[in-house]
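# Breakdown of the fold
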Amino acid sequence: MTRSFIVIQEYISVRLIVITSLIATIIWLLIACLRFTVGYNNGILAFGGMFLCFYPLLILLYLLLLCKMHSRRRTGYLYLVLGILIVLAVSSTIILGVSLTVWRIIDFKQLCILLYATPSIALSSIFKRHWRKIAAFLMLILPLLSVLSAGFIIIRGFYSQINKLNDLEKARKISYFVFKSTIPARKLPNVLKLLRAGNDFLWWVIFGVGACGEMANVGVKMLRDVGLEAMVVAFPGEDHTFVQVKINNTWMVFDPGYYRDKIVTWNQRINDRTREYGNISYIAAYVNGGFTELTRKYVPTDTIIIRVLHNGEPLSGACITLTHKFLNKEVPIPGNRLCFYTDTNGYVTIHLGPPKYYEKASPYEPYFKIIVNGKDSGIKVSSTGSHRTQYIEVNL
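For clarity, every value in this text was computed on a predicted model and none was experimentally measured. (Residues numbered from 1 in each chain as written. Predicted model: local features only at pLDDT ≥ 70, side-chain atom pairs only at ≥ 80, totals over all residues. Heavy atoms only, no water.)

## Focus: the side chain of Glu 238
Mapped onto the elements, Glu 238 comes out in the loop between strand E3 (230–235) and strand E4 (240–247). Although Glu 238 is buried, it makes no salt bridge; Arg 273 carries the closest opposite charge, 5.8 Å away. Only 2.4 Å separates the side chain of Glu 238 from the side chain of Tyr 357, close enough to count as a polar contact. With near-sequence residues (within four places) excluded, Glu 238 lies in contact with Arg 273, Asn 279, Ile 280, Ser 281, Tyr 282, Phe 326 and Tyr 357. (Helix = DSSP H or I, 4+ residues; strand = E, 2+ residues; numbered from the N terminus. Buried < 20%, exposed > 50% of the residue type's maximum accessible area, 1.4 Å probe, protein only. Lys, Arg positive; Asp, Glu negative; His and termini not counted. Salt bridge = Lys/Arg side-chain N within 4 Å of Asp/Glu carboxyl O. Polar contact = N/O pair within 3.5 Å; in protein donor to acceptor, adjacent residues only side chain to side chain. Contact = heavy atoms within 4.5 Å.)

Printed below as a string of structure tokens:
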């Protein structure tokens, strides 16, 4: 075993790891500075971030290339280690593809962590002395720790700059900061869209890829950090998420993707969205793991009363969602992976705006399918926005 370590260390040293890690750290810090300070949010930065995420694996591939130049007799152990790790990387990629489409037991974030951590641990374990193991591992995770630290330092510095401003100006500054620091997912190839942060703030700090949903989640956190009351809201039937923030005891709209550094009234946001697509079918505010319906407050609706029966008996606690196509994408109401739940008598009441849009929203469906406990009931519902009441019974 001692001889194996000597052979391996002919190809890898702490110096090699230090140099590659410092290069990766400098490039990743440059990417972070371009995003947060300059506001450069080109897709090239997303590609660079993804590439750097796998750099420990690249070191392993580099070692394998070196092994090709030497005798197999002396490098059998190293081939074995590298072969196992490469098989692990390939199998992890296959697992990702299967899981995203079938199993759904692992997501891209978990795969990135796996492909970053596994080679890092393997490379550091090659060294015989403990201090070398620790030094190698710390250097391998240095780029990740550095970009997180730089991101938080920049964000904290930004908070200090806006601390003395009034609430409206704070919200405006944060809106523009979020806008310029987010790499638009819509402009990226599909493989880079896997870097979208969702509701993970740390992931957004590292990669910055997102759309309206990511900007809303980041915006809510930053607004709350400076003492403002804010919550995520959405037009789920039209696939758009934004923020409502309380300014001088009035709820205003914070929507960086549309207004950049402007905070607008609810009436303006409703009017602009209606002018763009024709109608708004539902409005929800998400808070404390649930949601509050806001639709009736801002748009004309119909009242949809759905009763769910099972073998002729009322079914309480049934999970109901409404889905339709908007811009050729299947979108659910109430959104955010939530449901309407029937009461003890099997009833649920939904206030629905008219899902009829301009041609710009095509292809779309001017109705919603009623989904009960994850299964299509075969019943469709629409709304005229004329304040009428519709009664629908679903028999399972």
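Still more to cover.
## Examining the state of the cysteines
One pass over the structure, following the stated rule, counts 1 disulfide. Through a disulfide, Cys 319 is tied to Cys 339; the S-S separation comes to 1.9 Å. Negative torsions about the S-S bond denote left-handed disulfides, and the value of about -50° found for Cys 319 with Cys 339 makes this one left-handed. Here Cys 319, found in strand E11 (residues 319–326), pairs with Cys 339, found in the loop between strand E12 (329–333) and strand E13 (340–341); they are 20 residues apart in sequence, far enough to count as distant. Judged by relative accessible area, Cys 319 falls into the buried class, the value being 17%. (Disulfide = S-S within 2.5 Å.)

## Examining the sheet that holds E3
Within the open sheet, the 6 strands sit side by side as E6-E5-E4-E3-E7-E8. Their pairing is antiparallel. Strands with a single pairing partner mark the edges of an open sheet, and in this sheet they are strand E6 (263–264) and strand E8 (290–293). Note that strand E5 (residues 250–254) and E6 share 2 bridges and pair antiparallel. Each bridged residue has a counterpart across the sheet, and for Phe 254 the counterpart in E6 is Ile 263. Those strands touched by helix H11 (residues 212–225) are E3, E4 and E5, and its axis lies near 20° from that of E4. (Pairing = 2+ DSSP bridges. Axes fitted to C-alpha atoms, helices over the stretch in contact; angles between N-to-C directions.)

## Concerning the pattern of salt bridges
Scanning the model with the defined rule gives 14 salt bridges in all. Residue Arg 273 pairs with Glu 276 through a salt bridge whose shortest N-O separation is 3.6 Å. Taken together, the residues span about one helical turn, with Arg 273 and Glu 276 both in helix H13 (residues 266–277) at a distance of 3 residues. Taking the relative accessible area as the measure of exposure, Arg 273 reaches 2% and is therefore buried. For Asp 302, the salt bridge is made with Arg 388, and the minimal N-O distance between the two is 3.3 Å.

## A look at the pairing of E11
Among the 8 residues that make up E11, 7 are buried, leaving the element largely enclosed by the rest of the structure. Relative to E13, E11 is paired through 2 bridges, and the arrangement is antiparallel. Note on E13: the bridge partner recorded for Cys 319 is Tyr 341. Bridging between E11 and strand E15 (residues 368–372) involves 4 bridges; their strand directions are antiparallel. Following the sheet pairing, Thr 323 is matched in E15 by Lys 369. Judged from the 5 bridges that link them, E11 and E12 form a sheet pairing that is antiparallel.

## Points about the packing of helix H8 (residues 167–181) against H11
H11 packs onto H8 with a crossing angle of 140° between their chain directions and a minimal axis gap of 10 Å. What the angle tells us is that H8 and H11 run oblique. The handedness of the crossing between H8 and H11 comes out as right-handed. Here Ala 171, Ile 174, Phe 177, Val 178 and Phe 179 of H8 lie close against H11, whose contacting residues are Met 215, Val 218, Gly 219, Met 222 and Leu 223. In the contact of H8 with H11, the residues fall into 9 nonpolar, 1 polar and no charged. (Parallel < 35°, antiparallel > 145°, perpendicular 65-115°, else oblique. Left-handed = near helix turned anticlockwise from the far one by under 90°. Nonpolar A, V, L, I, M, F, W, Y, C, P; charged D, E, K, R; others polar.)

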